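So you can see what is in the structure, the chains are spelled out below.
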Amino acid sequence: MEYVVHYEVAGAILSFIIGAHFFGNMRLKNAQNAVFGILIVFIFMSSFFDVVSAELVVRSSIVPVAINQSMSQVYYFFQLSLPPLLFLFVLGFTRKLIPQNRKIIILFLSPFILLFIMWFLNPINGYIFYFDASLVYHRGHYLIFAYIISAYFLFLTVITALVLRKEIGFLNVCYLFMFIAFVVLSIVINYVFPRYLLTGFASSLALLIAYINLRNPVEAKDDLTETFNRKTLQYVLEENSLIKGTKYFAIASVDNFDAMGNIMGTKGTNEFLTGFVSYLKKHSEGRQVFRYTANMFVILFNNRKSMMECVGEMKNEPFIGKDRRISDLIKISLFYSDNISLSEKEDTLSLIVDGMVASHKENTQRRIVPIGPKDMKSLYERHNIEVALKRSLESEGLKVYLQPIYCFENDMYLACEALVRIEDEEIGSLRLSEMIPIAEKNGMIVEIGRKVLERVCRIIKEENMEETGLKRIMVNLSMLEAIQPDLPSFVKDCLKSYDIPADLIGFEITETYCSLGGERLRMNMEELSALGHMFALDDFG
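Calculation rules
- Residues numbered from 1 in each chain as written.
- Predicted model: local features only at pLDDT ≥ 70, side-chain atom pairs only at ≥ 80, totals over all residues.
- Heavy atoms only, no water.
- Helix = DSSP H or I, 4+ residues; strand = E, 2+ residues; numbered from the N terminus.
- Buried < 20%, exposed > 50% of the residue type's maximum accessible area, 1.4 Å probe, protein only.
- Contact = heavy atoms within 4.5 Å.
- Areas by Shrake-Rupley, 256 points an atom, 1.4 Å probe, with all protein chains shown as cover.
- Phe/Tyr/Trp six-rings, centres within 6.5 Å; stacked < 30°, edge-to-face > 60°.
- Patch = residues over 30% accessible without salt bridge, like charges linked within 9 Å, V, L, I, M, F, W, Y side chains within 5 Å.
- Salt bridge = Lys/Arg side-chain N within 4 Å of Asp/Glu carboxyl O.
- Core = buried A, V, L, I, M, F, W, Y, C linked by side-chain atoms within 4.5 Å.
- Pairing = 2+ DSSP bridges.
- Expected span 1.5 Å × (residues − 1).
- Arc of directions from axis to C-beta.
- Axes fitted to C-alpha atoms, helices over the stretch in contact; angles between N-to-C directions.
- Parallel < 35°, antiparallel > 145°, perpendicular 65-115°, else oblique.
- Left-handed = near helix turned anticlockwise from the far one by under 90°.
- Nonpolar A, V, L, I, M, F, W, Y, C, P; charged D, E, K, R; others polar.
- pLDDT = per-residue confidence, 0-100.
- Polar contact = N/O pair within 3.5 Å; in protein donor to acceptor, adjacent residues only side chain to side chain.

Caption draft 1: Representation of the overall build of the protein within the structure. Helix and strand counts for the protein stand at 19 helices and 15 strands. With 541 residues in all, the protein has 47% of them scored as buried. Across the protein, the fraction of contacts at a sequence separation of at least 24, relative to all contacts at a separation of at least 6, is 74%. About 27600 Å² of surface is accessible on the protein, with carbon and sulfur atoms providing 59% of the total.

Caption draft 2: Examining the packing of aromatic side chains more closely. Taken as a whole and assessed by the stated rule, the structure comprises 20 aromatic pairs. Taking 5.1 Å as the distance between ring centres and 80° as the angle between the ring planes, the aromatic pair formed by Phe 22 and Phe 23 counts as edge-to-face. Judged by its relative accessible area of 1%, Phe 22 is buried. When the centroid spacing of 5.4 Å and the interplanar angle of 35° are considered together, the rings of Phe 228 and Phe 290 count as tilted. In this pair, Phe 228 sits in strand 4 (residues 227–228) while Phe 290 sits in strand 6 (residues 289–293), placing the two residues 62 residues apart along the sequence.

Caption draft 3: Layout of a nonpolar patch on the surface. Taken together, the side chains of Tyr 7, Tyr 142, Ile 144, Phe 145, Ile 148, Val 184, Val 188, Tyr 191, Val 192, Phe 193 and Tyr 196 define a hydrophobic patch exposed on the protein surface, amounting to about 1000 Å² of accessible area. Examining the composition of the nonpolar patch, we find that four residues originate from one element, helix 7 (residues 170–192), more than from any other. Taking the relative accessible area as the measure of exposure, Tyr 191 reaches 40% and is therefore partly exposed.

Caption draft 4: Layout of the pattern of salt bridges. Under the defined criterion, the tally for this structure stands at five salt bridges. Here Glu 55 ties to Arg 59 by a salt bridge, and the two come within 2.6 Å at their closest N and O atoms. Residue Arg 59 is classed as partly exposed on the basis of its relative accessible area of 40%. One connected set of salt bridges, linked through shared partners, spans Glu 519, Arg 522 and Glu 526.

Caption draft 5: Inspection of the nonpolar core at higher detail. With 55 residues, the main nonpolar core has Tyr 76, Ile 128, Phe 179 and Leu 207 as its most contacted residues. Looking at this core, the elements with two or more residues in it are helix 1 (6–24), helix 2 (31–58), helix 3 (65–93), helix 4 (102–125), strand 1 (129–131), helix 5 (143–163), helix 7 and helix 8 (199–213). With 12 residues, helix 3 is the single largest residue contributor to this core. Sequence-distant contacts of Leu 207, defined by excluding residues within four places in its chain, comprise Ile 18, Phe 36, Leu 39, Ile 40, Ile 43 and Phe 179. Counting 45 residues, the second largest nonpolar core, distinct from the first, contains Ala 439, Val 452, Val 475 and Val 491.

Caption draft 6: Representation of the pairing of strand 7 (residues 296–301). The buried fraction of strand 7 amounts to six of the six residues, a majority that puts the element mostly inside the structure. Of the two faces of strand 7, the one carrying Met 296, Val 298 and Leu 300 and the one carrying Phe 297, Ile 299 and Phe 301 are both buried. Here strand 5 (residues 248–254) pairs with strand 7 via six bridges, running antiparallel. Its bridge partner being in strand 7, Ala 252 is matched across the sheet by Phe 297. Between strand 6 and strand 7, which follow one another and run antiparallel, lie two residues.

Caption draft 7: How the structure looks around helix 5. If you check helix 5, its first and last C-alpha atoms are 30 Å apart, about what 21 residues at 1.5 Å a residue would give, namely 30 Å. Within the span of helix 5, buried status applies to Leu 143, Ala 146, Ile 149, Ser 150, Phe 153, Leu 154, Leu 156, Thr 157, Thr 160 and Ala 161. When helix 5 is viewed along its axis, its buried side chains cluster within an angular range of 155° and face the same direction. Opposite the buried face of helix 5, by more than 90 degrees, sit the exposed residues Phe 155 and Val 163.

Caption draft 8: How the structure looks around the packing of helix 1 against helix 2. One way to put it is that helix 1 packs onto helix 2 with a least axis distance of 8 Å and a crossing angle of 155°. Relative to helix 2, helix 1 is oriented roughly antiparallel. For helix 1 against helix 2, the interelement crossing comes out left-handed. Residues Glu 8, Val 9, Gly 11, Ala 12, Ser 15, Phe 16, Ile 18, Gly 19, Phe 22 and Phe 23 of helix 1 form the contact with helix 2, whose participating residues are Asn 33, Phe 36, Gly 37, Ile 40, Val 41, Ile 43, Phe 44, Ser 46, Ser 47, Phe 48, Asp 50 and Val 51. The residue makeup of the contact of helix 1 with helix 2, split by class, is 13 nonpolar, seven polar and two charged.

Caption draft 9: Structural detail: the confidence of the model for the protein. Looking at the protein as a whole, the pLDDT averages 77, with 81% of positions reaching at least 70. Helix 17 (residues 487–498) holds the highest mean pLDDT among the elements of the protein, 91, whereas helix 12 (residues 347–360) holds the lowest, 62.

Caption draft 10: Focus on the environment of Ile 483. Looking at where Ile 483 falls in the secondary structure, it is placed in the loop between helix 16 (479–482) and helix 17. Overall, Ile 483 belongs to the partly exposed group, its relative accessible area being 29%. For the pair Ile 483 and Asn 524, spaced 41 residues apart in the sequence, the C-alpha separation amounts to 7.1 Å.

Caption draft 11: Quick look at the side chain of Arg 291. Among the secondary structure elements, Arg 291 is positioned in strand 6. Within the structure, Arg 291 has its side chain in polar contact with the backbone oxygen of Ala 294 (distance 3.0 Å). In contact with Arg 291, not counting residues within four places along its chain, are Asp 222, Leu 224, Thr 225, Thr 227, Phe 228, Asn 229, Arg 230, Leu 273, Met 296 and Phe 297.

What follows is the structure in structure tokens.
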């Protein structure tokens, strides 16, 4: 029987091109890409040996049976391995291919053991194929079981894709189904019409669709520096957290990046970054380098020894660049982990980057700083306070209490001071000494101040304060809030919405910051005073 091998030759060429692009590009060292790389190799080998074995079968009368037997045996090995590999690829794509799931995966793959035994014993028993006395090729009587087991893996792949569709994504599930449909259709056609060799071509075509539309090396790359990008770092952190967590990493920061850019321009800055990345790759010995921000890079390590070797080399051989104009200007920081773990979310890394860089940016020297448990405790405490502040602003968790101000001359309470207190459901009561500096630094103090003013207006309205004899409630203004251009209009609108006269609300400004407010503070105070508000100097809180 003459075989039509043109499609299979085209499939081999196509899978070879895909493989050349995949292996030639930068790629992550993870389960998904490992299985995908094996899948490419097996599809190519399946197509190649399908053509070779078909041509040898046609010439079986002149080709030694041992060679025919061997080539067909090799072809079926690659062919029968494709469905299980496709199943593993889907697991790798959904990050379920991790040690914790090993027993379950082995259980699902157990039918492949039967398939492998059939393949291994085929030269003796002819389960899958055999050559008769006339050297004519025949399909084995038990080949149907090989098809059934292959169908089982394809069905398992479909079920896995459906169950994990949210994790995979709708479009990616469609592409996987298209992949499977091509393979199934080619197997059916090949089974009904044995002379048409289509399996490898269909598999290669499906592979191309998967490669173009699913995660591939191009999506993982930062175009300028040829490193992995931030999106890929997030993916790696999530995958590593499922396995054992990422404990060893380093963060390299070009601290005065903007100043260097002003001197060198865009082209010079890009050349500097390219050189800096080459420096990082050289000393990290091929470890995965990620561009986290414009001027920060993250390096992940497998163990502490390799990390400390890298840190030591970078300490002994600091980066100086090629441009003499900036040789004295370069200021690079290196932060490295000391027995701490990154969580599955990028938030932890953001916390480390923002906290450690901010806490050391006053230092004008090159610095190499370890990040230890004490640092992380401080960073987490600050982070938890920020989260609690956001929670309180979103869920009415911010409480306002009135502290009376006693007048000895009149022997009565004439005014009150509005005090802010936050009771968080997770971390309890927030100390003002911790809360206020953090709120001032991240800008939330403005929103807190405005929430307080609204609550005070509500209290005055609901408690009918004029009947109590109190003449005024003093509200604290932080310096950041006091210099907001829209402060007078906000105060005016707030009081108008509650129908409260301006002389019932006074403002206290921190004495130590009053001299720093400048012209904007003076203008706001004059405008608010003109509306009828009184001002006093005091400490905020």
